Amino acid sequence: MKILEYKVFIHNYDLIKDNFFASKEESDAKIIMIYEALADKLTNKMFQEHTSYIIINTTTKEWNDAYGYQGCPAVADWLKSFLPKKIEKSKYEICKITGARLVNHYLDYPDDYLQEIKNHQKRLQLNSEKKQLEGQQATQNQKNIQTYIKQINNNLKSK
């Protein structure tokens, strides 16, 4: 589920582009790839805040050292820059064969980041369901109005 709106992405992408690589045009395909890579991993607020952070805290020299003179970051660079660093987590599991308690170590995003994404997805889902119900209610109201109008017309014809 996409939680980053395309218009918010493009606006902030253009801010970075104007600040760091204004003379170089990016292909539409690459811009869409960047958006698709970030769309389900960042909220509008997260993307806007991090864009502001990059623009305020990154000098042109630092940018050029990282990406070349007026260079354009690769899709992987966008992910690395905008997503939080994965941390090592542990999960206890029971071995199905021996019944022993095992520790499974893995890398994942920080819990606060995952919770924010999950909460935003829930809000989007609820808004979508609400709009669907409102649409169904509007359709039902229209049917009720048409039925009522038919009754009034029939009453007028019979008089």
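Residues numbered from 1 in each chain as written. Predicted model: local features only at pLDDT ≥ 70, side-chain atom pairs only at ≥ 80, totals over all residues. Heavy atoms only, no water.

**Structural notes on the overall build of the chain**
Thought 1: Across its full length, the chain holds six helices and two strands.
Thought 2: Starting at the N terminus, the α and β elements of the chain follow one another as α-α-α-α-α-β-β-α.
Thought 3: For the chain, whose C-alpha radius of gyration is 26 Å, the value lies well above the compact-globule estimate of 15 Å for 159 residues.
Thought 4: The principal-axis extents of the C-alpha atoms in the chain amount to approximately 85 × 65 × 25 Å. (Helix = DSSP H or I, 4+ residues; strand = E, 2+ residues; numbered from the N terminus. Rg over C-alpha atoms; globule rule 2.2 N^0.38 Å.)

**A look at the packing of aromatic side chains**
Thought 1: Counting across every chain of the model gives 11 aromatic pairs.
Thought 2: Grouping aromatic residues by their ring pairs yields a cluster made of Tyr6, Phe9, Tyr13, Tyr35, Phe47, Trp78 and Phe82.
Thought 3: Positioned above the aromatic ring of tyrosine 109, the side-chain terminus of lysine 86 is 5.1 Å from the ring centre.
Thought 4: One cation-aromatic arrangement involves arginine 101 over tyrosine 92; the distance from NZ or CZ to the ring centre is 4.1 Å. (Phe/Tyr/Trp six-rings, centres within 6.5 Å; stacked < 30°, edge-to-face > 60°. Lys NZ or Arg CZ within 6 Å of the ring centre and 35° of its normal.)

**Digging into the pattern of salt bridges**
Thought 1: Throughout the structure, instances matching the rule amount to six salt bridges.
Thought 2: The partner of lysine 41 in a salt bridge is aspartate 40, with the nearest N and O atoms 3.2 Å apart.
Thought 3: Note on lysine 41: relative accessible area 27%, which makes it partly exposed. (Salt bridge = Lys/Arg side-chain N within 4 Å of Asp/Glu carboxyl O. Buried < 20%, exposed > 50% of the residue type's maximum accessible area, 1.4 Å probe, protein only.)

**Regarding the side chain of histidine 120**
Thought 1: Looking at the element boundaries, histidine 120 is found in helix α6 (residues 111-158).
Thought 2: Given a relative accessible area of 16%, histidine 120 falls into the buried group.
Thought 3: With residues up to four places along the chain from it excluded, the contact list for histidine 120 reads Ile3 and Thr43. (Contact = heavy atoms within 4.5 Å.)

**A few points about the environment of asparagine 44**
Thought 1: Considering the arrangement of structural elements, one finds asparagine 44 in helix α3 (residues 44-57).
Thought 2: A residue is classified by how much of its surface remains accessible, and asparagine 44, at 14% relative accessible area, is buried.
Thought 3: For the pair formed by asparagine 44 and glutamate 5, sequence separation is 39 residues and the distance between their alpha carbons is 6.5 Å.
Thought 4: Looking at asparagine 44, its side chain comes within polar contact range of the main-chain nitrogen of glutamate 5, at 2.8 Å. (Polar contact = N/O pair within 3.5 Å; in protein donor to acceptor, adjacent residues only side chain to side chain.)

**Quick look at the packing of helix α1 (residues 6-20) against α3**
Thought 1: Contact geometry for α1 and α3: axes closest at 10 Å, N-to-C directions at 5°. Taken together, the axes of α1 and α3 lie roughly parallel to each other. Within the contact between the two elements, α1 uses Val8, Phe9, Asn12, Tyr13, Leu15, Ile16, Asn19 and Phe20 and α3 uses Asn44, Phe47, Gln48, Thr51, Ile54 and Ile55.
Thought 2: Grouping the amino acids of the contact of α1 with α3 by side-chain chemistry returns nine nonpolar, five polar and no charged. (Axes fitted to C-alpha atoms, helices over the stretch in contact; angles between N-to-C directions. Parallel < 35°, antiparallel > 145°, perpendicular 65-115°, else oblique. Nonpolar A, V, L, I, M, F, W, Y, C, P; charged D, E, K, R; others polar.)

**A word on the pairing of strand β2 (residues 101-108)**
Thought 1: In this sheet, β2 lies alongside strand β1 (residues 87-94) in antiparallel orientation, the contact comprising eight bridges. The residue bridging glutamate 93 from the neighbouring strand is leucine 102, located in β2.
Thought 2: In sequence, β1 turns back onto β2 through a hairpin of six residues, with glycine 99 there showing a positive phi of about 80°. (Pairing = 2+ DSSP bridges.)

**Topic: the environment of histidine 50**
Thought 1: Within the secondary structure, histidine 50 is located in helix α3.
Thought 2: Judged by relative accessible area, which is 22%, histidine 50 ranks as partly exposed.

**Quick look at the nonpolar core**
Thought 1: Of all hydrophobic cores here, the largest spans 27 residues; its most connected members are Phe9, Ile16, Leu38, Leu42, Phe47, Trp78 and Phe82.
Thought 2: Of all elements in the fold, only α1, α2 (28-38), α3, α5 (75-82) and α6 reach the threshold of two or more residues within this core.
Thought 3: Once you skip the residues sitting within four places of it in the chain, leucine 42 turns out to touch Ile3, Leu4, Phe47, Phe82, Leu83, Tyr113 and Ile117. (Core = buried A, V, L, I, M, F, W, Y, C linked by side-chain atoms within 4.5 Å.)

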